[in-house]
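The primary structure of each chain is shown beneath.
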Amino acid sequence: MTDSVATLPHPNDLPFSAPAAEPEWLSSLRRSAWDRFERIGWPTLADEDWRFTNLNPLKQLSLTPSRKPASPVTREAVEARSLLKGIEAVRLIFVDGYFAPELSDRPEFDHGIHVASLGQALGNSNGSYRPYLTAPTRPELNAFAALNTAWFADGVAVSVPPRQTVSLPILAIFAAHGAAEGPTTNPRNFLRLQEGSSATFIEEHVSLNETPYLTNAVTECLVGEQASVEHLKIQDQSPATHHLATFHAWLERHSRLSSHSLALGARLARNDLRVKLEGEGAECVLNGLYLTDGQRLADHHMVVDHVAPRCQSHEYFNGILSDRSRGVFHGRILVQQEAQKTDAKQTSKSLLLSDEAVVNTKPQLEIYADDVKCTHGATIGQMDEEAIFYLRARGIPLPVAQQIIQLAFAEEIVERIQERAVRQRLADVVQERLKIT
Amino acid sequence: MFKIENLHAGVEDKSILKGIDLQINAGEVHAVMGPNGSGKSTLAQIIAGRDGYDITQGTMEFRGRDLLDCGPEERAHLGVFLAFQYPVEIPGVNTTYFLKAAVNEVRKARGLPEMDAVKFLQYIREKAKLLDLPGDFLKRSINTGFSGGEKKRNEIFQMAVLEPDFAVLDETDSGLDIDALKTVSHGVNQLRNAQRAQLVITHYQRLLDYIVPDIVHVLHDGRIVRSGDRDLALELEKRGYSWVAEASATLPA
Ligand SMILES: Nc1ncnc2c1ncn2[C@@H]1O[C@H](COP(=O)(O)OP(=O)(O)OP(=O)(O)O)[C@@H](O)[C@H]1O
Ligand SMILES: [Mg+2]
């Protein structure tokens, strides 16, 4: 056991995950995840995957899973923080990591579509979620995903039977209070889309106050044959908080995934995206935008694993950085020997608005098949002087011209969101955030 | 209306413009011709207010205003327009949105109310028709993926929309097919009136058949070495630039 993890509580000692409170398979899953977390310990800068992201500030916090909120929170208070307020969706609201049924919609779907709190699903069902939580993918868990498994209290469970479409976006709002000691919330979402089904799942992470906490979220998504899923993660936490998130997806034949990450807040935000294209002809788009200022850091780290032939993966990440903020983009594309006719593309672009902002990008192609198309490109730079001059020469004042260029840069990402109302709202939000002051 | 006196400009240690004098009166069209690298685009960019050139000597004024003291946007508000030799692609910025912003900024600077959205759309559609532009033009990002000729036409389209009082056209004819050349020239000529002026930079006297200049200047190595009427353009076409260069070398300094 490394020193820094010695002070953290074991899952057996937590009220909600004590062995008496849950089925044995889950307790044992938590114990082995805990063992793994202890073994790997905190990543350090010496760890290749964490070279640019220093977690030392996290170690100052005495991390422990957050407790159920002592005083009630209103739906208004949560929605006031939500960027998607008023957008039509089924809302499931979690406060400090715990499901708040009194604040949430009661989704009632027909045809066997199941949308519920994962905690409830695990508690009262016949163990139908067990195979997915204990899937053979576990060994890949990074330290934080392992910690999440050990500590998670709740999240969203979605299960869509063959050929069914979930008619409304499912919106999970994770709202949290910070506190001096820096509690940890561990949202855990699980989506299973069976053959030919489709759904939109949005996770939104927001803060209810301005004090520190850590979010350590995991979302797992199984996309069956010809199923299609749109996943959106909106992170707009207070600058006092830290945010770690892991997204895992497994794609079967001819399925489609588009996953969007909007990193707008938090002192440090790290997103680990892991996509495995397991079935022939599967397609995924990973799309992300981050806006950072002050001393903030946004880090997207992804591994796209082409296992099967004729799959496509496209990654697009744009960042706009001001002040002394930092961005990290690490995109690894792995094309296995069987994965002929892979079409993989990756671009990362960053706009630096100050001389002190820094971006580190690291594209990494590992190709073991011979008939593939793989490209990557990264640009890091200031705003295009020529473009600014062109706009000014038409009468558009300098600050407005700069704003137009930044907005276009952000729009490139936002416009890939398929869910129309959400896209339009987020375009407005981004415009507001980039407003000249 | 527009006057440059003894303009010297360059970059770092390279001097590009070496004493330009140019006066253009309201109602006139002047043409500037000259070999590659003689400083034509530099002159055009400096008129529009491009940063990055050191202006070491000289003055430039428009309707009595000191242009060198104005930012590019202020010059546009005063009615100065540059059709770029190499129009810039700006992905993600919709052409209609951009033009609306431009028109309204100019109006605002002149104390006029903003144009409402419906009226504006009607207005630009008419202008697009005048220049025979494809329908999706207005919806696309500025110049993004446009062919060379389309970019040039887009410049003149913007000019038609902004109706500038002093327009500088930098090789707008290069890359245009013969039909487009006529359409574009027609667009330019529509703006011609007794209160306005134009400065047309070109390598080809053919353009001057359509946009007929009052005066033709030859720019060579950063200086205007000769000025004359439109016959000068015909003569240049026949004899090449070496002829003026040699002739000017023999002139007393
Ligand atoms: N920003 C710059 N930095 C360095 N050199 C420059 C710059 N701008 C122009 N020049 C140089 O100044 C000279 C004049 O360039 P300019 O573009 O004005 O020529 P031009 O007459 O427009 O040529 P063309 O007919 O090819 O368009 C060239 O030698 C060019 O390389
Ligand atoms: Mg030129």
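Residues numbered from 1 in each chain as written. Chains lettered and ligands numbered in written order. Predicted model: local features only at pLDDT ≥ 70, side-chain atom pairs only at ≥ 80, totals over all residues. Heavy atoms only, no water.

1. Observations regarding the coordination of the magnesium ion (ligand 2)
- Summarising the metal site, the magnesium ion (ligand 2) is bound by the protein donors Ser41 of chain B (OG) and Gln85 of chain B (OE1), whose distances to it range over 2.0 to 2.1 Å. On the criterion of sequence distance, the pair formed by Ser41 of chain B in helix H1 (residues 40-48) and Gln85 of chain B in the loop between strand E6 (80-83) and strand E7 (90-94) is long-range, its members being 44 residues apart. (Donors = N, O, S within 2.8 Å, 3.2 Å for Na, K, Ca; no water. Helix = DSSP H or I, 4+ residues; strand = E, 2+ residues; numbered from the N terminus.)

2. Topic: the domain arrangement of chain A
All names here are of chain A.
- The assigned domain composition of chain A is domain 1 (3-279) and domain 2 (385-437).
- For domain 1 and domain 2, the distance between their C-alpha centres works out to 31 Å.
- Listed as interface residues are 15 residues of domain 1 and, on the opposing side, 10 residues of domain 2.
- The junction of domain 1 with domain 2 conceals about 1100 Å² of combined surface from both sides, 66% of it contributed by carbon and sulfur atoms.
- Counting the surface domain 1 buries against domain 2, the share from its top three residues, Leu83, Ile87 and Leu262, is 36%.
- On the surface where domain 1 and domain 2 come into contact, there are 1 salt bridge.
- Residue Asp236 is joined to Arg433 by a salt bridge in which the shortest nitrogen-to-oxygen separation is 3.0 Å.
- Linking domain 1 to domain 2 there are 7 residue pairs in polar contact (both at pLDDT 80 or more).
- Counting only elements with at least two residues in the side of domain 1 that touches domain 2, the list comes to strand E8 (198-207), strand E10 (228-236) and strand E12 (256-263). (Domains from an automatic or database assignment. Contact = heavy atoms within 4.5 Å. Buried area = accessible area lost by both parts, 1.4 Å probe. Salt bridge = Lys/Arg side-chain N within 4 Å of Asp/Glu carboxyl O. Polar contact = N/O pair within 3.5 Å; in protein donor to acceptor, adjacent residues only side chain to side chain.)

3. Describing the nonpolar core
- Grouped together as the largest cluster of nonpolar side chains are 116 residues, with contacts concentrated most on Leu426 of chain A together with Phe2, Ile47 and Phe166 of chain B.
- Take this core: its biggest share by element is 9 residues, from helix H9 (residues 398-414) of chain A.
- Residues within four places of Phe2 of chain B in sequence aside, it is in contact with Leu22, Gln23, Ile24, Ile47, Met60, Glu61, Phe62, Leu67 and Phe166 of chain B.
- Core analysis: the second largest hydrophobic core is formed by 38 residues, Phe94, Phe109, Ile113 and Ala308 of chain A among them. (Core = buried A, V, L, I, M, F, W, Y, C linked by side-chain atoms within 4.5 Å. Buried < 20%, exposed > 50% of the residue type's maximum accessible area, 1.4 Å probe, protein only.)

4. Focus: the sheet that holds E6 of chain B
Residue and element names in this part refer to chain B.
- As summarised here, the arrangement of the 6 strands in space is E6-E9-E10-E3-E11-E12, forming an open sheet in which the pairing is mixed. In this open sheet, the two strands that pair with only one neighbour each are E6 and strand E12 (223-228). Taken pair by pair, the neighbouring strands of this sheet meet at an average axis angle of 20°, ignoring direction.
- Pairing geometry for strand E11 (residues 215-220) and E12, over 5 bridges, is antiparallel. (Pairing = 2+ DSSP bridges. Axes fitted to C-alpha atoms, helices over the stretch in contact; angles between N-to-C directions.)

5. A short note on the sheet that holds strand E2 (residues 98-99) of chain A
Residue and element names in this part refer to chain A.
- Spatial ordering of the open sheet is given by E2-E1-E5-E8-E10-E12-E14-E16-E18-E20, a layout of 10 strands whose pairing is mixed. In this open sheet, the two strands that pair with only one neighbour each are E2 and strand E20 (373-381).
- With respect to the sheet, H9 is in contact with strand E14 (283-292), strand E16 (312-321) and strand E18 (343-352), its orientation differing from that of E16 by roughly 150°.
- Where helix H10 (residues 420-433) meets the sheet, it contacts E8, E10, E12 and E14, and its direction lies at approximately 25° from that of E10.

6. Some points on empty space enclosed by the protein
- Overall, the coordinates contain 10 cavities of 30 Å³ or more when judged by the stated rule.
- Looking at the largest cavity, its volume works out to about 90 Å³.
- As for the largest cavity, its lining consists of 15 residues, of which His231, Lys233, Ala245, Phe247 and Asn271 of chain A are closest to the centre.
- Of all the elements in the fold, those that place two or more residues in the lining of the largest cavity are strand E9 (214-223), E10, strand E11 (242-251), E12 and strand E13 (268-277) of chain A.
- Within the lining of the largest cavity, the residues separate by chemical class into 5 nonpolar, 7 polar and 3 charged.
- Around the second largest cavity, the lining residues are Ala393 and Arg394 of chain A together with Ala76, Gly79, Val80, Phe81, Val106, Arg110, Leu162, Glu163 and Pro164 of chain B.
- Residue composition of the lining of the second largest cavity, grouped by class: 7 nonpolar, 1 polar and 3 charged. (1 Å grid on protein atoms, 1.4 Å probe; cavity = no way out; pocket = protein on both sides within 12 Å on 5 of 7 lines; lining within 4 Å. Points joined across faces, edges and corners; volume = space filled by probe spheres on them. Nonpolar A, V, L, I, M, F, W, Y, C, P; charged D, E, K, R; others polar.)

7. Some thoughts on the packing of helix H3 (residues 95-109) of chain B against helix H5 (residues 148-162) of chain B
Residue and element names in this part refer to chain B.
- Taken N-terminus to C-terminus, the directions of H3 and H5 make an angle of 35°; their axes are 10 Å apart at the nearest point. Read as a crossing pair, H3 and H5 show a hand that is right-handed. Counted together, Phe98, Leu99, Ala102, Val103 and Val106 of H3 and Phe157, Gln158, Val161 and Leu162 of H5 form the full contact between these two elements.
- Among the residues making up the contact of H3 with H5, the classes are represented as 8 nonpolar, 1 polar and no charged. (Left-handed = near helix turned anticlockwise from the far one by under 90°.)

8. Section: the interface of chain A and chain B
- Across the boundary between the two partners, chain A contributes 18 residues, which contact 32 residues of chain B.
- For the pair chain A and chain B, the two sides together bury roughly 2000 Å², of which 65% comes from carbon and sulfur.
- Across the contact surface, chain A and chain B share 3 salt bridges.
- A salt bridge links Glu155 of chain B to Arg394 of chain A, with the shortest nitrogen-to-oxygen separation between them at 2.7 Å.
- Run the count over chain A and chain B and you get 10 residue pairs in polar contact (both at pLDDT 80 or more).
- Secondary-structure elements contributing two or more residues to the side of chain A that touches chain B are helix H8 (385-393) and H9 of chain A.
- No other element matches the 8 residues that H8 of chain A contributes to the side of chain A that touches chain B.
- When the residues that make up the side of chain A that touches chain B are grouped by side-chain class, the tally is 12 nonpolar, 1 polar and 5 charged.

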